[in-house]
Every structure is written in C-alpha cells, then in structure tokens.
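Report on the structure
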Amino acid sequence: MTLPSISFASDEMASTYQGTRPLRVLCYSVVPSPYQRDLFYQLSCLPQLDLNVFYWEASVSDSPWPEKDLQPYEQVMPGSCLKWGGARFHINWHLPWLYDADVIILNGYQSLVAQLILHTHAKKVPCIFWGEKMVADSAGVKGRLQQLLAAGLNNCKGIAAIGSKAKEDYSQRFPSKPIFNISYYCNLDGFSQKIPQRPRRPITILFCGQMISRKGVDLLLNSFQQLLDVGYDARLLLVGREADLPEMLQALPNNSVQHIEFAGFQAPEDLPHYFQRADIFVLPSRYDGWGVVVNQALGAGLPIICSDAVGAAPDLIEPGVNGFAFSAGDAPALFSALKYFFEQPERIGSASQASLQKAPMWSPSVGAKHWLDAFKTVIDL
C-alpha cells in the first residue's frame, strides 16, 4: 500500500512519515470510556492524524460513568445489542464510508460492524485489533460462535495488545503478525497533584472497583482482618459499586468493620481525592484484563499491590521498588505483601516516590507515539 502524505509538528515525526496530508484513522470502540478517551483526545490533537472515533453504544450498565459530551471527532452509532450471559453482540447501522480510511482500529470484534470490516475491508485497508488478553474460550455453541467471530482477526495487519501479558498471548495466537504493546494511557494530572507525605496514621489501604469476588475483595478483607489481629494501625477505604460487599462484611467482626470506610461509586473526576487519602493501593483481582485504577495509583504516587492476574501488573509494578504482584487467589501472599509495608512504614515513602517517577511514562502523549509507530508499521507492510 502506498503511504499517504502526512504533515508533521516536529522533525522526529517527520522522520517517521513522509508527505503532507494527515493520516485518516477510523477507530471503533464499544463505549465512550474515560480510560480510552484521554488517549483518543491526544491522538486527535496531532496534526499528522485525522481521527474519527465511533462507539457501538453510549453506555453500559456495569460501567456507570457519567455521560460526557462527545468531542467533534466522536459519535455513537445507532443500533442495539444481543446479550448472551456476559457477552454482548452489537448490531449497528449507518456504517460510515470506509474507503477514504488509511488505518482502522477495532477495539472489539463482537459486532456486526467489526465483522463487516474484518471480512470486507481488511484486505484493502490496514486494520489493527486493539484488545486485552483473550479469556478462555467458552464451551458449547457459545464457544464455537466466539471462535468463529475471532477468526476474522486473521485479516488484521497487526494486533495492539493491551499490556505485556496480552502481547505474549497474541504473539502465540498470531505468530506471523506484528504485535504492539499499547496499553491504556490516561491523563493522570489530577492524581499527581497535592501528593501527601506518606505514610500517615493510621495507614490507609485503598481498593477501587466493584465489590465482587472477581476483584478479590474477599481476599483483601481477610488480609485486612489479619493486619488488625496482629495489632497494626490500619484503615481500609473502599471505593466503587457496592455489589456483594454487605455479604462479604458479614464475615468480619463488628469492631473490624469500624475500621472500614465504604465511599461508594465515584465519578472519574472525583477519584483523585480518594487516592490522595490512601497510603497503599491494592487490586487483588482473580482476573482483570488491564486495570486502569493501577495507572491512577501510579499517578497518585501510591505503593501498588496487585495479583498477577491483573493485566497492568507486569507493566506498572517493579517488584520490591514500587510494589508487589502476588499469585491470584493467594490470601497469605497478599497479607505478606501488606505486612512488608506495615512492618517498616518508611518503605511506603520510597515506594511512593518510585511510582511517581514511573507515572510520566504512562501519559497519553506516550501512548500516542506508540500508535504512530504502529500505524507506520502496518502501512509499510
């Protein structure tokens, strides 16, 4: 394919591409999520790109972010979806004109639009699939349907894996394709302001997410109880949808529950306040494709403890420096990681500084550069 002409804001960009007109990029995603829109905005600001983003639906019930006004380059496509267990297949119409596109990004393949693009346009226009690590295939008819839909990814020119773990997975699935590591890059400015002097008394542990078993909240409550039993001055701050929390708290003594604050679901712009109140961040999920809250903890300068089933763990945590990753489901290992900081609280301060030093590497401007590299690669193939 002939490389389209592109304009540049710097000599570095000019050395990557050649030409005068912007690269026309179409991106298809499921829903306007805050952790993607920061990166889309950064891409839209680049003079060498002409970006248009299309969403299959305006919102989903399990991610109740407040709806924000869309940017001029964004729009929600009219349509509906079919639900099958936890899976959703989107049916949209008024498919935009694709023949003027230079590159197409697909953040998902379980939609009529994505399937049409993969099977009718991918051989004409370079397509990049952008996704988290694939979960285990379902059994029966549902599993066969998933495999059928995923087969279209073979027509992509490249795969943008969300994290190192996902990149390893896609490298095995698509050994002949270029695989890029392009994670979620968020605007962390609000989190990096007013960083407190850590640690404080009591030492506050923060969890942010749904209060469900998949997120490992039961493991965290168990480890928190152990900290109190040992005699540590600890407090637990829970932020997110209540879900199964009342049932989980029933297993704790009443005097322990008094050391737990539940703040409920918070809008993204209000989250920095809660991260600033914390001294340690914990995400003990049994599975998380990435975990943007880990980016936010990094920006807030928090020591981070995650399970190794969190996609962000190997990319954002340097073990023993700014936190730890423990084996998913291993409650004693989680307690040991917490105990490491409670035994010598000065370790919290040094880990906090290490997270702050890493945070600039996860800004949207860095993510945009990775996307530019990926565009050049697939166009040059």
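Since this is a predicted model, take the numbers as computed values, not measurements.

Some words on the pattern of salt bridges
Opposite charge on two side chains makes pairing possible when the charged atoms of those side chains draw close. On inspection of all chains with the given rule, the structure shows 14 salt bridges. For the salt bridge of D380 with K376, the shortest nitrogen-to-oxygen distance reads 2.7 Å. One end of the pair, D380, and the other, K376, are both in helix α14 (residues 364-380), four residues apart, so they sit about a helical turn from each other. The structure contains a network of salt bridges with shared partners spanning R214, K215 and D288.

With respect to the confidence of the model for the protein chain
Of the residues in the protein chain, 92% reach a pLDDT of 70 or more, and the chain-wide mean stands at 90. In this model, residues 1-18 is a region of pLDDT below 50 whose contacts with residues beyond four sequence positions or in other chains number 49 contacts.

Some points on the sheet that holds strand β8 (residues 158-161)
Taken in spatial order, the seven strands make up an open sheet running β3-β2-β1-β6-β7-β8-β9, and their pairing is parallel. Pairing within the sheet leaves two strands with one partner each, and these edge strands are β3 (74-76) and β9 (179-181). The mean inter-strand angle of the sheet, taken between neighbouring strand axes irrespective of direction, is 20°. Against the sheet, helix α2 (residues 34-44) touches β1 (23-29), β2 (49-55), β3 and β7 (127-131), its axis set at about 150° to β2.

As for the packing of helix α6 (residues 217-230) against helix α12 (residues 331-343)
Between α6 and α12, whose axes approach to 9 Å, the crossing angle comes to 45°. Comparing their axes, α12 and α6 come out oblique. For the crossing formed where α6 meets α12, the hand is right-handed. Contacts between α6 and α12 involve L219, L220, N222, S223, Q226, L227 and V230 from the first element and A331, L334, F335, L338 and F342 from the second. Residue composition of the contact of α6 with α12, grouped by class: nine nonpolar, three polar and no charged.

Quick word on α6
Between its terminal C-alpha atoms α6 stretches 20 Å, which fits the 20 Å expected from 14 residues at 1.5 Å a residue. What α6 keeps buried is the set V217, L219, L220, L221, S223, F224, Q225, L227 and L228. Trailing α6 by a residue or two, G231 shows a phi angle of about 110°, which is positive.

Focus: unusual backbone geometry
P199 follows R198 through a cis peptide bond whose omega is 0°. Position of P199 among the secondary structure elements: in the loop between β9 and β10 (203-208). For K194, which is not glycine, the phi dihedral falls at a positive 55°. Mapped onto the elements, K194 comes out in the loop between β9 and β10. Look at A243: it is not a glycine, yet its phi comes out positive at around 45°.

Some points on the packing of aromatic side chains
One pass over the full model with this rule turns up 17 aromatic pairs. Look at Y185 and W362: their rings are 5.1 Å apart centre to centre, the planes differ by 20°, and that puts the pair in the stacked class. Of this pair, Y185 sits in the loop between β9 and β10 while W362 sits in the loop between α13 (346-358) and α14; the two residues are 177 residues apart in sequence, bridging distant segments of the chain. Residues Y185 and W362 agree in their burial class; the two are buried. Between F191 and F275, the aromatic rings sit 5.2 Å apart at their centres with planes inclined by 85°, giving edge-to-face as the arrangement. Here F191, found in the loop between β9 and β10, pairs with F275, found in helix α9 (residues 271-276); they are 84 residues apart in sequence, far enough to count as distant. By the ring-pair criterion, three or more aromatic residues cluster together here, those being Y35, F40, W130, Y184, W371 and F375.

The rules behind these values
Residues numbered from 1 in each chain as written. Predicted model: local features only at pLDDT ≥ 70, side-chain atom pairs only at ≥ 80, totals over all residues. Heavy atoms only, no water. Salt bridge = Lys/Arg side-chain N within 4 Å of Asp/Glu carboxyl O. Helix = DSSP H or I, 4+ residues; strand = E, 2+ residues; numbered from the N terminus. pLDDT = per-residue confidence, 0-100. Contact = heavy atoms within 4.5 Å. Pairing = 2+ DSSP bridges. Axes fitted to C-alpha atoms, helices over the stretch in contact; angles between N-to-C directions. Parallel < 35°, antiparallel > 145°, perpendicular 65-115°, else oblique. Left-handed = near helix turned anticlockwise from the far one by under 90°. Nonpolar A, V, L, I, M, F, W, Y, C, P; charged D, E, K, R; others polar. Expected span 1.5 Å × (residues − 1). Buried < 20%, exposed > 50% of the residue type's maximum accessible area, 1.4 Å probe, protein only. Phe/Tyr/Trp six-rings, centres within 6.5 Å; stacked < 30°, edge-to-face > 60°.

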